[in-house]
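Understanding the architecture of this molecule
Chain by chain, the residues run as shown.
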Amino acid sequence: MSEPSGSPATSLRYIQAVQAALRWALESRDDTVIFGEDVAKPGGVFGATKGLYETFGDKRIFDTPISETAMLGMALGTAMTGGRPIVEIMYADFMFVAMDQLVNQIANTRYVSEGRWTAPLVVRTQQGYSPGACAQHSHSIEAYLAHTPGLRVAAPSTAGDAYQMLRTAIIVDDPVVVVEARMLYPTRGDVLLDSEVEEMGGARILKAGRDVTIVSWSSAVPTCLAAADQLAREGVDAEVVDMRWLNPLDHSTVSESIAKTRRGVVVHEANLTAGLGAEVVARATESLFGVLQAPILRVAAPDVPMPAAPSLQAAVVPNVDRVVSAVHATLGY
Amino acid sequence: MSEPSGSPATSLRYIQAVQAALRWALESRDDTVIFGEDVAKPGGVFGATKGLYETFGDKRIFDTPISETAMLGMALGTAMTGGRPIVEIMYADFMFVAMDQLVNQIANTRYVSEGRWTAPLVVRTQQGYSPGACAQHSHSIEAYLAHTPGLRVAAPSTAGDAYQMLRTAIIVDDPVVVVEARMLYPTRGDVLLDSEVEEMGGARILKAGRDVTIVSWSSAVPTCLAAADQLAREGVDAEVVDMRWLNPLDHSTVSESIAKTRRGVVVHEANLTAGLGAEVVARATESLFGVLQAPILRVAAPDVPMPAAPSLQAAVVPNVDRVVSAVHATLGY
Amino acid sequence: MDTFDCYRQMRRIRRLEETLVDLKNAGEILGSVHPCNGQEAVPVGAATALRSDDYITATYRGHGWAVVAGIALVDIFAEVLGRASNLNGGRGASPYFSSPGVNFIGENSIVGAGLPIACGAALSAMRDGRAQVSLVSIGDGATNQGAVHEALNLAAVMTLPLVVVVENNVYSEMSPIAEMTRVVQLAERGAAYGIPATIVDGNDAAEVAAAVDAAVARARGGGGPTMVEAMTQRYVGHHSGDVQHYRPTGEVERARADEPLARLRAAADDDTLVKYSAVDIEVDAEIDNALTVARTIPEPDPGTVLEHIYV
Amino acid sequence: MDTFDCYRQMRRIRRLEETLVDLKNAGEILGSVHPCNGQEAVPVGAATALRSDDYITATYRGHGWAVVAGIALVDIFAEVLGRASNLNGGRGASPYFSSPGVNFIGENSIVGAGLPIACGAALSAMRDGRAQVSLVSIGDGATNQGAVHEALNLAAVMTLPLVVVVENNVYSEMSPIAEMTRVVQLAERGAAYGIPATIVDGNDAAEVAAAVDAAVARARGGGGPTMVEAMTQRYVGHHSGDVQHYRPTGEVERARADEPLARLRAAADDDTLVKYSAVDIEVDAEIDNALTVARTIPEPDPGTVLEHIYV
Ligand SMILES: Cc1ncc(C[n+]2csc(CCOP(=O)(O)OP(=O)(O)O)c2C)c(N)n1
Ligand SMILES: Cc1ncc(C[n+]2csc(CCOP(=O)(O)OP(=O)(O)O)c2C)c(N)n1
Ligand SMILES: [Mg+2]
Ligand SMILES: [Mg+2]
C-alpha cells in the first residue's frame with residue numbers, strides 16, 4: 001500500500017468516499033464513463049453519483065433502462081474498445097439477472113484472447129442485509145464472484161478503503177467488481193483524498209493481537225472489531241484482519257497472522273456453505289497444518305435466504321456474540 | 001439408500017439412464033411435464049428426451065424458445081401451482097443467463113413463504129469440459145449452486161446414479177438441480193430400472209481403503225477410481241467416496257471415512273478457489289482436528305476459464321497424476 | 001362493479017398504504033414500503049374480471065393486488081410489521097409477500113421476474129382444464145428487462161391464458177419511462193410477440209375492468225395472452241422515503257387531482273359524497289382494527305429461523 | 001463490389017467451412033464446428049458497407065464474419081485446430097475466437113450475448129468521434145433471448161451507431177423459428193424499440209450490401225441503430241455432426257439450389273463460369289496453403305496455461 005501523502009485526512013461517510021472516488025475518476029481520466037439505473041440525473045439511489053451529472057454532463061454519466069444484462073455487456077464492449085466504464089448495479093442481488101455477462105463474457109475476455117483484449121471496467125454494487133430488507137435485496141454475493149476466475153473483487157469496509165479501493169479498481173486494467181456494504185454507507189472514516197492511488201490487493205491488520213486471528217471483510221468487519229473489544233475486556237488479545245480484496249486474496253497476511261496466533265476464526269455475512277470463508281480455512285489449514293492449535297472456525301449466516309423480519313435477521317447475521325463464542329471455542333481446544 | 005429390488009440390472013449408458021428416468025417420470029406421474037430447448041420433437045441435443053414426445057405428446061413435453069429465464073420462471077410458477085416440471089438447461093453455462101430465477105426466485109420460494117409454497121421442480125443440466133469445447137461450454141457450476149440455500153443439488157457420476165438420483169429429484173418436493181456430466185454420457189453402468197425410488201442424499205463409498213480418503217463427484221469420480229487403482233499398485237489403499245448429492249451434503253460419510261484413514265484429498269473439475277472442495281475441507285477439518293495426520297488437500301482446476309485447446313485443457317482438468325501426487329503429498333506429511 | 005364497492009375497495013387500499021407509510025415514518029416498519037397511491041383503480045378494476053381461483057402475480061408495489069386477491073388487511077399489516085403473520089410469517093415483508101390460499105403467487109422485488117413465474121401459473125391453468133387465468137402486473141420500466149421479453153414471447157407462442165397488466169405510472173424509480181425507450185406506449189410492444197395490447201385510462205376502474213374482462217375472456221377461451229397498458233400515476237414517491245425531487249413542478253399536483261378517488265369524488269353529487277364519507281369512516285375503522293390486531297401478533301420466533309428451507 | 005470478388009470471398013468462406021468440417025470428421029478438430037454454408041452472402045455483402053475500423057461481433061457461426069473482418073485463413077485454421085494461433089492461441093477455438101487487430105470483437109457461444117457487447121463497441125465509436133459503427137450478427141433464435149431485447153432497447157434509446165444483422169436461417173439448432181415466436185418476420189420487432197428494420201434476401205450479397213450500407217450510413221450520421229433481417233438458410237447442419245433429421249423432405253435440396261454460390265453459377269454465362277472455376281482453383285490453393293501452414297504451428301504450451309488471466 002502506498003504511503004499516505006502530506007495532505008490531511010478528511011472525515012467522510014463511506015458513501016461520500018465512493019462519490020469522491022467517482023468524481024476523481026471523471027476528473028482525472030477522460031476514458032471513464034459512468035452509467036447505471038438512476039445514477040445520472042437522480043444522482044443514484046444511495047447518492048453515490050450525486051452531483052456528477054451536473055458537473056460532467058451526459059457524455060460522462062448517464063441513466064440506463066432497467067436492463068442489467070445490456071449494461072454489463074455494454075460495459076465490456078466499451079472496455080474492449082478504449083473506454084473505462086464504471087457501472088452501478090444497484091443491489092448485488094440484481095447481478096443475477098446479468099450473471100452471464102459477468103461469468104461467461106467479462107471474466108473470459110482476457111484469458112480466452114491470450115491477453116490480446118483487456119476489459120478495464122468496474123462494476124460497483126452494494127450488498128448485505130439491512131433491517132427489514134427482503135431476501136431479494138439482502139444477498140452477499142462475494143463467493144459467486146470469487147469463484148469466477150478473471151474477475152477481481154474488492155470489498156471495502158471503511159470510508160477510507162471505499163475511496164482507495166475504488167480508485168484502484170478504476171485504474172487497473174482487469175475487470176473489478178467492487179462490492180460495497182450498504183449497512184456501512186453512513187459510517188464515517190478518514191479519507192486521504194489527495195493520496196497516491198494504491199496498488200491492488202492486500203489485507204490489512206486493523207488490530208494487532210496475539211491470541212487469535214479474526215479474519216473478515218465488508219459488513220462483518222465492524223462486528224469483528226467490536227468482538228475484539230469485548231474479548232480484550234476478557235483478556236483475550238485478538239488480531240483482526242480485514243481481507244479488503246477478495247481477488248487477489250491475500251493469503252500470506254492471513255497465514256502469517258495465524259502462524260503467530262495459531263488460532264483463527266473467519267467471519268462473513270454470506271451464508272456458510274461454499275462461502276469464501278471455506279476457502280480461507282482450506283488454504284490456511286493447508287499451509288499451517290501442525291502450527292494450528294485448533295481448527296479454524298467460521299461464523300457466517302446459516303444456509304437460509306435472508307428473512308425480512310428483524311427478529312429473524314438477528315438470528316442469521318453474524319453478531320458480536322457469535323464471533324466471541326467462536327473465539328472461545330478455538331481457545332477451548 | 002433403498003435395497004436393490006429383485007429384478008436384474010440393465011446395462012445402460014449414462015445418457016440412456018437419464019432417458020429412462022424421464023420416461024419413468026412421464027409414465028408414473030401425471031403432474032410431470034418436460035420442457036426445454038430442442039427436447040421434444042428433436043429429442044434433445046444429447047438424446048436425453050429421445051422418443052418421449054412420440055409417446056407422450058406435446059402436453060407432456062414441449063420445445064421452448066431460447067429463453068432460459070422464461071423457462072426457469074415458468075417451471076417455478078408451474079411447480080407452485082400443482083405441476084412438477086422437469087426443465088433442461090442444455091449446458092450448465094447457460095444457467096448464468098437465468099441465474100436470477102434460480103437464486104432469487106426458485107431458491108427463496110419455500111423459505112420466504114414459511115413453507116406455504118413448495119416448488120417441486122427439477123432443472124436438469126450437464127456440465128464440464130470436453131475436448132476442444134470452449135470456455136462458454138465447459139463450466140462446472142456446482143459451487144454456485146451449493147452456495148445457494150433452498151436448492152438441492154445432485155451430481156451423479158454413474159449410469160445407475162443418473163437414473164436413481166434423477167428419479168429421486170423428481171419425487172422430492174424441493175427444487176433440485178441435477179448436474180449431469182457430459183463426459184460421462186457414453187459410459188455404461190448397471191441400472192436397476194424397477195427398483196424403489198431412493199431417498200435423497202447420501203454419499204457412496206465406491207472403493208473401501210485404509211490409507212487415505214479420496215472424495216469427489218461428477219466427472220472427477222472415474223479419475224479418482226483410476227488413481228486409486230494406480231495407488232493400489234503402489235501398495236496404497238485408498239478409499240474413494242462419491243459425494244453424489246452436493247445438497248444435502250453427506251458430511252458424515254466423509255468424516256467417518258477420513259476419521260478412519262486420517263488423510264483426505266478432495267477432487268473436483270470446478271476451479272479451485274471457493275469451490276465446493278473448500279467446504280468439504282473446512283467441515284472435515286473442523287470435525288476431525290487432531291485426528292488428521294495431514295491437511296486435507298484439494299485437486300481442482302486452477303483458477304482460469306477453460307481453454308479450448310486440448311493441450312491446455314490437459315493442464316487444467318484434474319487427472320490421475322495430480323490425484324496420485326496429492327495422495328503422495330498427504331502420505332508424506 | 002357497484003361504484004360504492006369500487007370506492008370502498010380503492011379507499012381500503014389507499015388507507016392501507018397511507019397507514020403503512022405512517023408506520024414506516026414512525027419507525028415501526030424497518031424495511032422499505034412502495035405504496036401504490038394513485039394506482040388503486042388498476043387492481044380494483046382488474047379484479048372484477050377475475051374468479052377467485054385465478055392467479056395473481058404482482059411486484060413490490062403489490063398491496064393493492066394483495067387486497068383484491070382477498071388477503072386480509074390484518075395479515076398484510078402483520079407481515080409488513082415483521083410479525084409472525086399468516087402470510088409469510090414476517091419473512092417476506094412489504095415487497096415480497098405471497099399467499100397460496102388465495103392464489104396470490106406473490107409480490108416480487110426483482111423487476112420483471114414475476115412474469116416468467118406467472119407464465120408457469122398460466123401453464124398449470126392450461127393443464128388443469130378449469131379455465132383459470134393468470135394475471136400479472138408489472139411496471140413500465142420492467143418492460144425493458146430481458147425476463148419480460150422472454151416471458152411475453154413464450155406466453156404468446158404457447159397460447160398461455162395470461163393477462164399482462166402494465167401499470168404505466170411513467171416513472172421507474174426516479175427515471176421517466178419516456179427517456180428509457182423510444183416507443184411512446186408500451187402497448188406497441190405487443191405486436192413484437194403477436195400479443196393483442198390495449199391502452200386504458202388506469203385511473204378509471206371501469207375502463208380497466210372492461211379491458212381486463214376482454215383479456216380474461218380471451219384467455220379463458222384459449223385465445224392466449226393479452227397486454228393491457230394502464231396509464232396511471234403514483235402521486236407519492238417510489239418508496240416511502242422518496243421526496244420526488246425529479247418530478248417537474250405541478251406534475252404531482254395534477255396527479256393528485258386526477259387520482260381515482262379524487263375523480264370519483266369530483267364526479268359525485270352531494271348524496272354520493274355523504275355516502276363516500278360514510279365509507280371512509282368504515283374503512284378507517286377497518287384499518288384501525290386490522291392494525292390493532294396486527295400489533296398484537298408477536299415477532300417471529302428466532303428459534304424457527306432455520307425451518308422451512310426444505311420440505 | 002465486383003461479382004468476381006464477391007464470388008471469391010464467398011467461395012473462400014465456403015471452402016474454409018467445408019475444410020473445417022472435413023478436419024472435424026477426420027478427428028483433427030476436437031471441438032464443435034458450426035459452419036455457415038449457404039449464408040456466406042450475408043457477411044460478404046455486409047462487409048462492403050464497412051470500414052476497416054468498424055467493429056464486428058458475431059456468433060459461433062462466425063467464420064464468414066471473421067474472414068470479411070480480415071482475419072487470415074491460416075490464423076482461423078490454427079485456432080480451430082487448437083494450435084498456438086495468432087488469434088487466441090487456441091484458447092477460443094471454432095465458436096469463440098476474436099481479434100483486436102481487425103476490430104473483430106469476436107464470436108460468442110452464448111446465444112444473444114454478443115449484442116450487449118456490440119453496444120459497448122458502439123458506445124466507444126460514438127465517444128471517439130471517428131464515426132465508426134458497430135455491426136453485430138445474431139441468429140433468428142437469438143431474438144427470443146432477454147439480452148437481445150435489452151440491448152436493442154438500449155441501443156435505440158442511446159442512438160448508438162449499431163447495425164444489427166439478424167441472419168434468419170429459419171432454424172435454431174433443430175427447432176424452426178416459426179414455432180418459437182408468433183411474428184412472421186423478426187424485423188417486425190424493430191418497431192418495439194423504435195428501430196427501423198428491413199428484410200433482405202440474405203442469399204443475395206448485393207441486396208445485403210445495399211441494406212447494410214443504408215444502415216451504416218444512418219449509424220455514421222448519428223441516426224442510431226438499424227436492424228437488417230437477412231433471410232437465408234444453412235444447407236448444412238447446425239454443427240458438423242448434425243444430420244438434420246428435423247428438416248422436411250426437399251428443404252435442404254431447395255436450399256442447396258438457392259445458396260449464393262449456386263445462384264451466381266446458375267446466372268453465369270459460359271465465360272463467367274470459366275472464370276469462376278479459375279477462382280475456385282485459386283481459392284482451393286489458398287485454403288490448402290493456409291491449412292498446411294496452420295498444421296506446422298505447434299500446440300499451445302501447457303506451461304502457459306495460467307498466463308493472461310489478469311493484466
Ligand atoms: C432487476 C432489477 N433491477 C433493478 C431494480 C431496482 N428497482 C426497483 S423498482 C425499480 C423501478 C421499476 O419501475 P417500474 O417497472 O416502472 O415499476 P414501478 O416502480 O413504477 O411500479 C427499480 C429500477 C430491481 N428491483 N430489480
Ligand atoms: C443462452 C444459450 N442458450 C442455448 C444455447 C444453445 N444453442 C446454441 S446455438 C443455438 C441455436 C441458435 O439459433 P439461432 O440464433 O437461430 O442461430 P443459428 O445457430 O441458426 O445461426 C442454441 C439454442 C446457447 N449457446 N446459449
Ligand atoms: Mg413505473
Ligand atoms: Mg437460426
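1. Some details on the relation of the copies chain A and chain B
- Superposition record for chain A on chain B: RMSD 0.0 Å, screw rotation 180°, translation along axis 0.0 Å. On the angle and the small slide along the axis, the relation comes out as a two-fold axis. Scanning chain A for the C-alpha nearest the rotation axis identifies A278(A), at a separation of 2.6 Å.
- Interface residue correspondence from chain A to chain B reaches 100%, placing this contact among same-surface, isologous pairings.

2. Here's the deal with helix α10 (residues 270-296) of chain D
All names here are of chain D.
- With 27 residues, α10 ought to run about 39 Å at 1.5 Å a step, and its terminal C-alpha atoms sit 39 Å apart, in line with that.
- Inspection of α10 places T272, Y276, V279, D280, V283, I287, A290, L291 and A294 among the buried residues, and these make up the whole buried set.
- Those residues of α10 that are buried are in contact with α1 (3-25), α4 (73-80) and α9 (260-267).

3. Some thoughts on the interface of chain A and chain B
- Across the boundary between the two partners, chain A contributes 48 residues, which contact 48 residues of chain B.
- Summed over both sides, the interface between chain A and chain B buries roughly 4300 Å², with carbon and sulfur atoms accounting for 62% of that surface.
- It is Y144(A), H147(A) and F289(A) that lose the most area in chain A upon contact with chain B, and together they represent 17% of the buried surface on that side.
- Element by element, the count of residues in the side of chain A that touches chain B is highest for helix α10 (residues 276-288) of chain A, at eight residues.
- Grouping the amino acids of the side of chain A that touches chain B by side-chain chemistry returns 28 nonpolar, 13 polar and seven charged.

4. Looking at the pattern of salt bridges
- A complete count under the given rule lists 66 salt bridges over all chains for this structure.
- Two residues, R244(A) and E198(A), come together in a salt bridge whose shortest N-O distance is 3.1 Å. Taken together, the positions of R244(A) in the loop between β11 (238-242) and β12 (245-247) and E198(A) in the loop between β8 (188-191) and β9 (204-207) put the pair 46 residues apart, joining distant regions of the chain.
- Residue class for R244(A) comes out buried when judged on its relative accessible area of 0%.
- Put simply, R14(C) and E259(C) hold a salt bridge, and the shortest N to O gap is 2.7 Å. You can see R14(C) sitting in helix α1 (residues 3-25) and its partner E259(C) sitting in the loop between α8 (251-258) and α9 (260-267), a full 245 residues away along the chain.
- Judged by relative accessible area, R14(C) falls into the buried class, the value being 3%.
- Residue class for E259(C) comes out buried when judged on its relative accessible area of 7%.
- The network of salt bridges with shared partners includes R29(A), D31(A), R84(A) and D173(A).

5. Looking at the site of ligand 2
- Taken together, 20 residues lie around ligand 2, and E68(B), Y60(D), R61(D), G141(D) and N169(D) are the ones closest in.
- Ligand 2 sits at the junction of chains B and D, each of which supplies nearby residues.
- Side-chain polar atom of Y60(D) to an oxygen atom of ligand 2: 2.7 Å apart, as the coordinates give it.
- The contact in question runs from an oxygen atom of ligand 2 to an N or O atom on the backbone of Y171(D), over 2.9 Å.
- Burial of ligand 2 by the protein amounts to 97% of the accessible area it has alone, namely 580 Å².
- Taken together, the residues that form the shell around ligand 2 break down as eight nonpolar, seven polar and five charged.

6. A short note on the side chain of E79(C)
- Positionally, E79(C) belongs in helix α4 (residues 73-80).
- Comment: no salt bridge for buried E79(C); closest opposite-charge side chain is R116(B), at 6.6 Å.
- Within the local environment of E79(C), its side chain forms a polar contact with the backbone nitrogen of G90(C), the two atoms lying 2.9 Å apart.
- Sequence-distant contacts of E79(C), defined by excluding residues within four places in its chain, comprise S85(C), L87(C), N88(C), G89(C), G90(C), R91(C), G92(C), A93(C) and F97(C).

7. Focus on the sheet that holds strand β4 (residues 84-89) of chain A
Residue and element names in this part refer to chain A.
- Read across the open sheet, the seven strands follow the order β3-β2-β4-β5-β7-β6-β12; overall the sheet is mixed. Two strands close off the open sheet at either side, each with one partner strand: β3 (61-63) and β12. Strand after strand, the sheet turns through a mean of 20° between neighbouring axes, direction not considered.
- With four bridges connecting them, β4 and strand β5 (residues 122-127) associate as parallel partners. Residue pairing in the sheet places I89 in a bridge with T125 of β5.

8. So, unusual backbone geometry
- Along the chain, N247(A) connects to P248(A) via a cis peptide bond; the corresponding omega equals 0°.
- By the element assignment, P248(A) lies in the loop between β12 and α9 (251-261).
- Backbone geometry at D38(A) places phi at a positive 65°, although glycine is not the residue there.
- Inspection of the secondary structure puts D38(A) in the loop between β2 (32-36) and α2 (52-56).
- A positive phi is found at Q244(D), a non-glycine position, where the angle reads about 60°.
- Tracing the backbone through its elements, the reader meets Q244(D) in the loop between β8 (226-231) and α8 (251-258).

Conventions adopted
- Residues numbered from 1 in each chain as written.
- Chains lettered and ligands numbered in written order.
- Predicted model: local features only at pLDDT ≥ 70, side-chain atom pairs only at ≥ 80, totals over all residues.
- Heavy atoms only, no water.
- Least-squares fit on C-alpha atoms with pLDDT ≥ 70 in both.
- Contact = heavy atoms within 4.5 Å.
- Helix = DSSP H or I, 4+ residues; strand = E, 2+ residues; numbered from the N terminus.
- Expected span 1.5 Å × (residues − 1).
- Buried < 20%, exposed > 50% of the residue type's maximum accessible area, 1.4 Å probe, protein only.
- Buried area = accessible area lost by both parts, 1.4 Å probe.
- Nonpolar A, V, L, I, M, F, W, Y, C, P; charged D, E, K, R; others polar.
- Salt bridge = Lys/Arg side-chain N within 4 Å of Asp/Glu carboxyl O.
- Near = heavy atom within 4 Å.
- Polar contact = N/O pair within 3.5 Å; in protein donor to acceptor, adjacent residues only side chain to side chain.
- Areas by Shrake-Rupley, 256 points an atom, 1.4 Å probe, with all protein chains shown as cover.
- Lys, Arg positive; Asp, Glu negative; His and termini not counted.
- Pairing = 2+ DSSP bridges.
- Axes fitted to C-alpha atoms, helices over the stretch in contact; angles between N-to-C directions.

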